[in-house]
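Residues per chain, in single letters:
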Amino acid sequence: MSLNRNEEALLLQLPKVDLHLHLDGCVKPGTLLELANEQGVSLPAADPEGLLPYMQVDDDCDSLVTYLSKFDFVLPLLQTPEALERVAYEVVEQCAEQNCKYVEVRFGPQLHRIGGLSASEVIAHVIKGLQRGEKDFGVIAQAIAICMRHQGIQENLEVIEAASQFTGKGLAAVDLAGDEANYPAELFRQVFELAQERGIPVTIHAGEAAGPGNIQEAITKLGATRIGHGVRMRESAEVMELVRRQGIVLEMCPISNIQTKAVSSWDAYPIRDYYDQGYLITVNTDNPTVSGTTITKEYHVLMEKFNFTLQEIAAIILNGVDAALLDEQRKQAMRQEFQRKFAELEI
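What counts and how
Residues numbered from 1 in each chain as written. Predicted model: local features only at pLDDT ≥ 70, side-chain atom pairs only at ≥ 80, totals over all residues. Heavy atoms only, no water. Pairing = 2+ DSSP bridges. Helix = DSSP H or I, 4+ residues; strand = E, 2+ residues; numbered from the N terminus. Axes fitted to C-alpha atoms, helices over the stretch in contact; angles between N-to-C directions. Contact = heavy atoms within 4.5 Å. Patch = residues over 30% accessible without salt bridge, like charges linked within 9 Å, V, L, I, M, F, W, Y side chains within 5 Å. Areas by Shrake-Rupley, 256 points an atom, 1.4 Å probe, with all protein chains shown as cover. Salt bridge = Lys/Arg side-chain N within 4 Å of Asp/Glu carboxyl O. Lys, Arg positive; Asp, Glu negative; His and termini not counted. Charge placed at Lys NZ, Arg CZ, Asp CG, Glu CD. UniProt positions renumbered as here; feature names shortened; annotations may be inferred. Buried < 20%, exposed > 50% of the residue type's maximum accessible area, 1.4 Å probe, protein only. Polar contact = N/O pair within 3.5 Å; in protein donor to acceptor, adjacent residues only side chain to side chain. Phe/Tyr/Trp six-rings, centres within 6.5 Å; stacked < 30°, edge-to-face > 60°. Lys NZ or Arg CZ within 6 Å of the ring centre and 35° of its normal.

Undergrad: I keep staring at the sheet that holds strand β2 (residues 100-107) and nothing clicks. Help me out?
TA: Strands in a sheet are paired, the pairing made by backbone hydrogen bonds, and the direction either parallel or antiparallel. Reading across the sheet, the 8 strands line up as β1-β2-β3-β4-β5-β6-β7-β8 and stay open at both edges, with parallel pairing between neighbours. At either end of the open sheet lies a strand with only one pairing partner, and these are β1 (16-22) and β8 (280-283). Direction aside, the axes of adjacent strands within the sheet are offset by 25 degrees on average. By the bridge criterion, 3 bridges tie strand β4 (residues 171-177) to strand β5 (residues 202-206) in an arrangement that is parallel. Note that in β5 the partner of L176 across the bridge is I204. Here helix α9 (residues 212-220) sits on the sheet in contact with β5 and β6 (226-229), set at roughly 170 degrees to β5.

Undergrad: What's the story with a negative patch on the surface in this structure? I'm lost.
TA: Among the surface-exposed residues, D58, D59, D60 and D62 lie close enough to one another that they form a single negatively charged patch. Take D59: it is sitting in the loop between α3 (48-55) and α4 (64-74).

Undergrad: Mind showing me how you'd approach the UniProt feature "binding site: Zn(2+)" (unreviewed entry) in the chain here?
TA: UniProt's entry tags H20, H22, H205 and D286 with the feature "binding site: Zn(2+)" (unreviewed entry), counted in the numbering of this structure. Maximum C-alpha separation among the annotated residues is 12.0 Å over a sequence range of 267 residues, consistent with a single clustered spot. Locating H20 in the fold gives a position in strand β1. Residue H20 is classed as buried on the basis of its relative accessible area, which comes to 0%. For H20, the residues in contact, after removing those within four places along its chain, are E104, R106, H205, G228, H229, E251, C253, N284, T285 and D286. A distance of 3.4 Å separates polar atoms of two side chains, one belonging to H20 and the other to H22. Topologically, D286 is positioned in the loop between β8 and α13 (288-291). Dropping the residues within four chain positions of it, D286 is found in contact with H20, L21, H22, Y67, H229, C253 and S256.

Undergrad: Which parts of the structure should I look at to understand the pattern of salt bridges?
TA: Side chains bearing opposite charge may pair, as long as their charged atoms lie close to each other. Counted under the stated rule, the structure contains 18 salt bridges. When the shortest N-O distance is used, the salt bridge between E217 and R189 registers 2.5 Å. In this pair, E217 is assigned in helix α9 and R189 in helix α8 (residues 189-197), connecting sequence segments 28 residues apart. With a relative accessible area of 10%, E217 lands in the buried category. Several salt bridges converge on common partners, so that one network encompasses E104, R106, D175, R226 and E251.

Undergrad: When you look at the UniProt feature "domain: Adenosine deaminase" (unreviewed entry) in the chain in this model, what are you seeing that I'm missing?
TA: UniProt feature "domain: Adenosine deaminase" (unreviewed entry): in the numbering of this structure it lies at residues 15-338. A distance of 6 Å separates the end C-alpha atoms of residues 15-338, which is 49% helix and 15% strand.

Undergrad: Before we go on, may I ask you to explain the packing of aromatic side chains in this structure?
TA: Inspection of every chain in the model, using the stated rule, returns 9 aromatic pairs. On the numbers, 5.3 Å between centres and 75 degrees between planes, the contact of Y275 with F308 is edge-to-face. You can see Y275 sitting in helix α12 (residues 271-276) and its partner F308 sitting in the loop between α14 (295-306) and α15 (310-323), a full 33 residues away along the chain. Looking at R132, its charged tip hangs above the ring of Y89, at a distance of 4.2 Å from the centre. Lying across the ring of Y279, R244 places its NZ or CZ 4.6 Å from the centre.

Given below as structure tokens:
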């Protein structure tokens, strides 16, 4: 279904939320050039257009592992307080351009320590950048600290301990991400036991590059109340019932899920089925630069590929508001603000 101009305009005007967005997946090529100049690092291109192929996947992307390789190009330049604060600030700026009113920005603290920062310092600098962005752009922005699957238990326990210092002070949750196929969720029980002891909310990447067993483990053992992606949930009736019964929110990222081959094609993508069956789906960008996407583009895809109406898009956005890791008072205020805007736009 092709969108008309009025629908295109309305999509941009809709207030939005993005619950699943990676800090190192939305660095602007121009920013990377400037960081390289400041840090005395040589890059393979001298202009933003030339850098883009190193930062963004193309149609030949064959797996999640290939997709994740794009981050290796960016990460060496995100090792200083100034770089972390800048890219965090610019995430909020990019969200504001899409009329996104609330964002949760996730990153792996242990990936930003080459320059000598501690995990706590990494988190502090990201939060500082996000909060500066909040002030300048009027977007509520919180951090999520990621434990990485390829790293050891001790390193990930350090992330939980560091995150606990900032919970409720700019940090919303902890996460588990990375190579799901080779590092199943069950390996990280000890890590997320600590998160539960510390009272930190948990969201887990699961059911993306591996099967529904990882979703079950994430919910029943790791304490997840939200699941990143979850596209393979439908392979198990038992897991589908678990997700329904517990009201687990799915953080779906359509464009990146196609690029990583988590799903083979748009025809096989389960978002319409999940929505029609009443699952709590949200739609998010994952990695805007790597995927060449925006939150508005993600909604455009839903309308074009799956015949979602503007009213259904608005309902999905409100799912995101309800799933936001905010106190009830702020969440209720945001919900009322969004509903007023939807009414103004006659949606």
